[in-house]
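Single-letter residue listing:
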Amino acid sequence: MPSRDAAGGVAMKALRGIFSREIALLRMQILDAVLPLAFYLLVVLMFAFGTRANDPTLAGLAVSILWVGALLSALLPLPRLFASEFEDGTLEQWCLAGTPLVLIVALKLFAHWCLNGLPLAVMALPLAVMLGLESAGLGYLALGLMMGTAILTLLGGLSASLLVGIPRAGSVLPLLVLPLMVPVVIFGSGAVRAWQVGGDPAAPLYFLGSIFALAVTALPWACASALRNAYD
Amino acid sequence: MWTWFHRLASPPSFFRFADRLAPWLGWMGFVLLAVGWVWGLGFAPPDYQQGDAFRIIYVHVPAAALSLGLYTGMAIAGACALIWRMKLAEVVMLAMAPVGLVMTAITLLTGMLWGKPMWGAWWVWDARLTAELVLLFLFLGVIVLGDAIEDPRRSARAAAWIAVVGVVNVPIVKFSVDWWNSLHQGATILSFGKPAITLDMAIPLYVSLLAMALVAAHAVLRRAQVRLLQREARTQWVKALRAQEPEAQS
């Protein structure tokens, strides 16, 4: 039975290892990090071109556009989440490693969110200004999107680990993830809308927070178990 | 009792059990469905508010109840497949998915047909309607995942995960009309206390509900049988079965 300090040391070491690995991978493929952000900008651009020039309805739909755009962009890198680990055998080593698989998976998802979800949430702010959203509500948008992309990463992690090693993963994954994201979109955009009509944005954010808490406590375990399933 | 249960969980005895039970369920279901629908659509009194348009309830409500029931059943079977690695639970779970998908589609279609004369719109973005639509996608996800992976055991367990995670949607559908004050009418039959519907309207509804449940059970059993035969095609008991019925092969 290792002492608590030793367990914490293992966690820190695993975290550092996984983080530096993710960053190294990202530096080799810098486009992977930029493409979702460019895609996000394009989605918003398409909405703007789909309406008349300077259409005031665009500002009314801004929250919905920003949320849907962020979720779609965050979906892009998800099918490949565990693909390279599966192909080069790293995943099998993780399953056999002394460090619990749940911990590795949770850290991997956290690293993925830091390098993909968080930039999208930050990117939403200038886009929101472009769409004509009042800048005082931007904090609620960013906070909601940070939790929203985190939940998407967790749900997407489960779906990606169910689909690991399957060629069609890219087309199946959105079908599995998006229906489960419905309440997240409702409460996330609801927070900004509540602020816009002068209501209290705290209640929808608390709901979002409780969904996040549920996801973060249950899904890494599900994800780890689903990954083991790939080797049965 | 328990030994009977354990024996039932083995594929060959489940197959024989389903083979004996399914025709009965099917015939009883179809006869009762005819009774319920003729009674409900032809003889029940018209509604004081909705006139004859309410009669679609005899298709809509049983289908809706079964879409939720089948999803719950699928999630339970999925949990059994994940926890105890029961082969039969995997088969039954995957057999339930298409039946549930059809029930959900019927619910949505009849709901739209009912919505147009009553609400003046084919579709509204109301909590119950959207949650039922999400249910459709969850069934679709289970089916797609069940087919996506070559190894049948792996694909079944992957689908089971989606079934289990998606079960959070079931109470949302069920209680959406109580939680959100929506356009959709409140619960009519499965509410606590006195039912809010007169008996001569309710009895054909109960008959249709039972009938549709029997038809669905019949479909699930038959689908499970086909799946078992496909999966166990190389085992001894399937070979013995084929030897018994040479005319089926020609």
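Thresholds, definitions, all that
Residues numbered from 1 in each chain as written. Chains lettered and ligands numbered in written order. Predicted model: local features only at pLDDT ≥ 70, side-chain atom pairs only at ≥ 80, totals over all residues. Heavy atoms only, no water. Helix = DSSP H or I, 4+ residues; strand = E, 2+ residues; numbered from the N terminus. Rg over C-alpha atoms; globule rule 2.2 N^0.38 Å. Buried < 20%, exposed > 50% of the residue type's maximum accessible area, 1.4 Å probe, protein only. Contact = heavy atoms within 4.5 Å. Core = buried A, V, L, I, M, F, W, Y, C linked by side-chain atoms within 4.5 Å. Expected span 1.5 Å × (residues − 1). Buried area = accessible area lost by both parts, 1.4 Å probe. Salt bridge = Lys/Arg side-chain N within 4 Å of Asp/Glu carboxyl O. Polar contact = N/O pair within 3.5 Å; in protein donor to acceptor, adjacent residues only side chain to side chain. Nonpolar A, V, L, I, M, F, W, Y, C, P; charged D, E, K, R; others polar. Phe/Tyr/Trp six-rings, centres within 6.5 Å; stacked < 30°, edge-to-face > 60°. pLDDT = per-residue confidence, 0-100. Patch = residues over 30% accessible without salt bridge, like charges linked within 9 Å, V, L, I, M, F, W, Y side chains within 5 Å. Areas by Shrake-Rupley, 256 points an atom, 1.4 Å probe, with all protein chains shown as cover. Axes fitted to C-alpha atoms, helices over the stretch in contact; angles between N-to-C directions. Parallel < 35°, antiparallel > 145°, perpendicular 65-115°, else oblique. Left-handed = near helix turned anticlockwise from the far one by under 90°.

Let's talk about the overall build of chain A
Looking only at helices and strands, chain A features 10 helices and 0 strands. Each helix (α) and strand (β) of chain A, taken in turn from the N terminus, gives the series α-α-α-α-α-α-α-α-α-α. On C-alpha atoms alone, chain A measures out to a radius of gyration of 19 Å, which is about the 17 Å that the 2.2 N^0.38 rule sets for 232 residues. Structurally, chain A occupies a C-alpha span of about 60 × 35 × 30 Å along its principal axes. Here chain A holds 232 residues, and 47% of them are scored as buried. Considering only contacts in chain A between residues 6 or more positions apart, those separated by 24 or more positions represent 80%.

A look at the overall build of chain B
Regarding its fold elements, chain B presents 10 helices and 0 strands. Whereas a compact globule of 250 residues would reach a radius of gyration of roughly 18 Å, chain B reaches 20 Å, a difference of no more than 12%. Looking at the 250 residues of chain B, the share that counts as buried comes to 48%. Summarising the internal contacts of chain B: among those between residues at least 6 apart in sequence, 75% fall at separations of at least 24.

Digging into the environment of Leu228 of chain B
Residues and elements named next belong to chain B. If you trace the backbone, Leu228 turns up in helix 8 (residues 199-231). You can call Leu228 buried: its relative accessible area is 2%. With 175 residues separating them in the primary sequence, Leu228 and Ala53 have C-alpha atoms 43 Å apart. Contact partners of Leu228, with chain neighbours within four places excluded, come to Pro11, Phe14, Phe15, Leu88 and Val91.

Examining the nonpolar core
Counting 128 residues, the largest nonpolar core has Tyr40, Leu66, Leu133 and Leu141 of chain A together with Tyr71, Met74 and Leu145 of chain B as the members making the most contacts within it. The element contributing the most residues to this core is helix 6 (residues 101-131) of chain A, with 14 residues. Once you skip the residues sitting within four places of it in the chain, Met74 of chain B turns out to touch Met93, Met96, Ala97, Phe139, Val142 and Ala163 of chain B. Counting residues in each nonpolar core, the second largest holds 10 residues, with Ile56, Tyr58, Trp114 and Met201 of chain B among its members.

Quick notes on helix 7 (residues 138-162) of chain A
Its 25 residues give helix 7 of chain A an end-to-end C-alpha distance of 35 Å, which sits within 8% of 36 Å, the value for a rise of 1.5 Å per residue. Counting buried positions over the 25 residues of helix 7 of chain A gives 21, a clear majority of the element.

Comments concerning the interface of chain A and chain B
Each partner contributes residues to the interface: chain A has 19 residues there, and chain B has 19 residues. Interface area, chain A with chain B, both sides summed: about 1,800 Å², of which 73% is carbon and sulfur. Taken together, chain A and chain B are joined by 0 salt bridges. Where chain A meets chain B, there are 3 residue pairs in polar contact (both at pLDDT 80 or more). Among the elements of the structure, helix 7, helix 8 (169-177) and helix 10 (202-229) of chain A are those that each provide at least two residues to the side of chain A that touches chain B. Element by element, the count of residues in the side of chain A that touches chain B is highest for helix 10 of chain A, at 4 residues. Its residues assigned to classes, the side of chain A that touches chain B comprises 15 nonpolar, 2 polar and 2 charged.

Observations concerning the packing of aromatic side chains
If you walk through the whole model with that rule in mind, you get 6 aromatic pairs over all chains. Note on Phe19 of chain A and Phe110 of chain A: the rings are 5.9 Å apart at their centroids and 70 degrees apart in plane angle, and the pair reads as edge-to-face. Note that Phe19 of chain A is positioned in helix 1 (residues 4-28) and Phe110 of chain A in helix 6, a separation of 91 residues in sequence. On the basis of relative accessibility, which here comes to 39%, the residue Phe110 of chain A falls in the partly exposed class. An angle of 70 degrees between the planes, with centres 5.3 Å apart, marks the rings of Tyr71 of chain B and Phe139 of chain B as edge-to-face. Placement of Tyr71 of chain B in helix 3 (residues 57-84) and of Phe139 of chain B in helix 5 (residues 127-148) is noted, with a sequence separation of 68 residues between them. As far as the burial class goes, Tyr71 of chain B and Phe139 of chain B line up, both buried.

Details of the confidence of the model for chain B
On average, residues of chain B score 85 in pLDDT, and 91% of them reach the 70 mark or higher. Scored as a complex, the prediction yields pTM 0.85 and ipTM 0.81.

Looking at the confidence of the model for chain A
Of all residues in chain A, 97% attain a pLDDT of 70 or more, and the chain-wide mean is 87. When mean pLDDT is compared element by element in chain A, helix 7 of chain A scores highest at 93, while helix 1 of chain A scores lowest at 77.

Focus on a nonpolar patch on the surface
All names here are of chain B. Residues Val31, Val35, Val38, Trp39, Phe43, Leu199 and Ile203 make up a contiguous nonpolar surface patch of roughly 680 Å² in combined accessible area. Elements with a minimum of two residues in the nonpolar patch: helix 2 (11-43) and helix 8. Per-element accounting of the nonpolar patch gives the leading share, 5 residues, to helix 2. Relative to the helices and strands, Leu199 resides in helix 8.

Focus: the side chain of Thr110 of chain B
Residue and element names in this part refer to chain B. Along the chain, Thr110 turns up in helix 4 (residues 87-119). Under the relative-accessibility criterion, Thr110 is labelled buried at 10%. A polar side-chain atom of Thr110 sits 2.7 Å from the main-chain carbonyl oxygen of Ile106. Discounting residues that sit within four places of it in the chain, Thr110 has contacts with Ile56, Val59 and His60.

Remarks on the packing of helix 7 of chain A against helix 8 of chain A
All names here are of chain A. It is at 10 Å that the axes of helix 7 and helix 8 come closest, and there the two elements cross at 130 degrees. Relative to helix 8, the element helix 7 is oriented oblique. When the axes of helix 7 and helix 8 are compared, the crossing they make is right-handed. Every residue of helix 8 that contacts helix 7 at Leu152, Leu155, Gly156, Ser159 and Ala160 is listed here: Leu173, Leu176 and Val177. Here the residues of the contact of helix 7 with helix 8 are counted per class, giving 6 nonpolar, 2 polar and no charged.

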